[in-house]
Amino acid sequence: SLFVAGMRDVLVCLDAQTGKQRWRFDFVKEMKTPLPSFGMVCSPLVDGQHVYVQAGAALVKLDKQTGTPVWTALKDSGSMMDSAFSSPVLATLHGKKQLLVQTRSTLAGVDPDSGAVLWSEKVPAFRNMNILTPTVFEDRVFTSTYGGKSFCYEIQPGQGKWTAAQVWTNRQQGYMSSPVVVGGHLYLHLRNQRFTCIDLKGVKEKWISDDVYGQYWSMIAQGDKILALDERGIL
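What you see is a predicted model; the values in this text were computed from it and never measured.

A.B. asks: Hey, could you go over the overall build of the chain for me, with residue numbers and the actual values?
C.D. replies: Helix and strand counts for the chain come out as 1 helix and 21 strands. Each principal axis of the C-alpha atoms in the chain carries an extent, and together these give about 50 × 50 × 35 Å. The 235 residues of the chain split such that 47% are buried. Intrachain contacts of the chain at a sequence separation of at least 6 include 42% that bridge at least 24 residues. Surface exposure of the chain reaches about 11,700 Å², of which carbon and sulfur atoms provide 49%. Taking the 25 positively charged and 21 negatively charged side chains of the chain as two groups, their mean positions are separated by 3 Å.

See the structure below:
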């Protein structure tokens, strides 16, 4: 199956062989939520028999065979200042599998089975413009904000309550480009269109480029190389 997210807050499941539509879920219609001001920007996350999306003014888990919602979490107003810019990712922190979710104002860990919020942390940004998908390194989570800073949080289990403690921050501002990690180093395309490398173990900036690149990059790591696609379609 292919899961395709549409800008008007619609998720469609297609047969990968034929392109035939298997099911369609219209979050605005079915959940009575506002149309997101910036459209549905989330990349659907498939795990096992379910698909997870930030849509319908919440994080939603759906049955991937039928499109039936299982639970919703991290509900917001769906207003211009709330509609999500990020995508959920799965991580295992201290042996606990969890969804890492960046809403417009909050970074959170969510139990994929129950939808319970394990921990959350407010992330300051200009007009709540937290856009990056959270990035995991060991038991730490990195994010970077528009009009703010870069942050690294250490996630710890506790007696019935997980915690997120800020372990370091720096002045660099990410924008729309989610970073990649290669060999203990994080590579981040910045709001000022430069590119930086941060040593995650030494917790220091190794270098920042003199050259400027595209306004945004979509990046993946391939071995010791990074493939980056900018907004002009240049790879």
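A.B. asks: Mind laying out the sheet that holds strand E1 (residues 2-6), listing which residues take part and the relevant values?
C.D. replies: Either a parallel or an antiparallel arrangement is found when strands of a sheet pair, and the pairing is made through backbone hydrogen bonds. Taken together, 3 strands build an open sheet; the order of strands is E1-E2-E3 and the sheet is antiparallel. The open sheet has two free edges, formed respectively by E1 and strand E3 (21-26), since each of these has just one partner strand. This sheet shows a mean twist of 15° between the axes of neighbouring strands, independent of strand direction. Summarising the sheet, strand E2 (residues 10-14) and E3 pair through 5 bridges and their orientation is antiparallel. Following the sheet pairing, Val 10 is matched in E3 by Asp 26.

A.B. asks: Requested: an account of empty space enclosed by the protein, with residues and values cited.
C.D. replies: Rolled over the atoms, a probe sized like a water molecule indicates the empty space that remains. Counted according to the given criterion, the structure contains 1 cavity of 30 Å³ or more. The calculated volume of the largest cavity comes to roughly 190 Å³. As for the largest cavity, its lining consists of 22 residues, and the residues nearest its centre are Gln 54, Ala 55, Ala 57, Ser 83 and Ala 84. Mapped onto the lining of the largest cavity, the elements with two or more residues apiece are strand E5 (50-55) and strand E6 (58-63). Taken together, the residues that form the lining of the largest cavity break down as 12 nonpolar, 6 polar and 4 charged.

The rules we used
- Residues numbered from 1 in each chain as written.
- Predicted model: local features only at pLDDT ≥ 70, side-chain atom pairs only at ≥ 80, totals over all residues.
- Heavy atoms only, no water.
- Helix = DSSP H or I, 4+ residues; strand = E, 2+ residues; numbered from the N terminus.
- Buried < 20%, exposed > 50% of the residue type's maximum accessible area, 1.4 Å probe, protein only.
- Contact = heavy atoms within 4.5 Å.
- Areas by Shrake-Rupley, 256 points an atom, 1.4 Å probe, with all protein chains shown as cover.
- Lys, Arg positive; Asp, Glu negative; His and termini not counted.
- Charge placed at Lys NZ, Arg CZ, Asp CG, Glu CD.
- Pairing = 2+ DSSP bridges.
- Axes fitted to C-alpha atoms, helices over the stretch in contact; angles between N-to-C directions.
- 1 Å grid on protein atoms, 1.4 Å probe; cavity = no way out; pocket = protein on both sides within 12 Å on 5 of 7 lines; lining within 4 Å.
- Points joined across faces, edges and corners; volume = space filled by probe spheres on them.
- Nonpolar A, V, L, I, M, F, W, Y, C, P; charged D, E, K, R; others polar.

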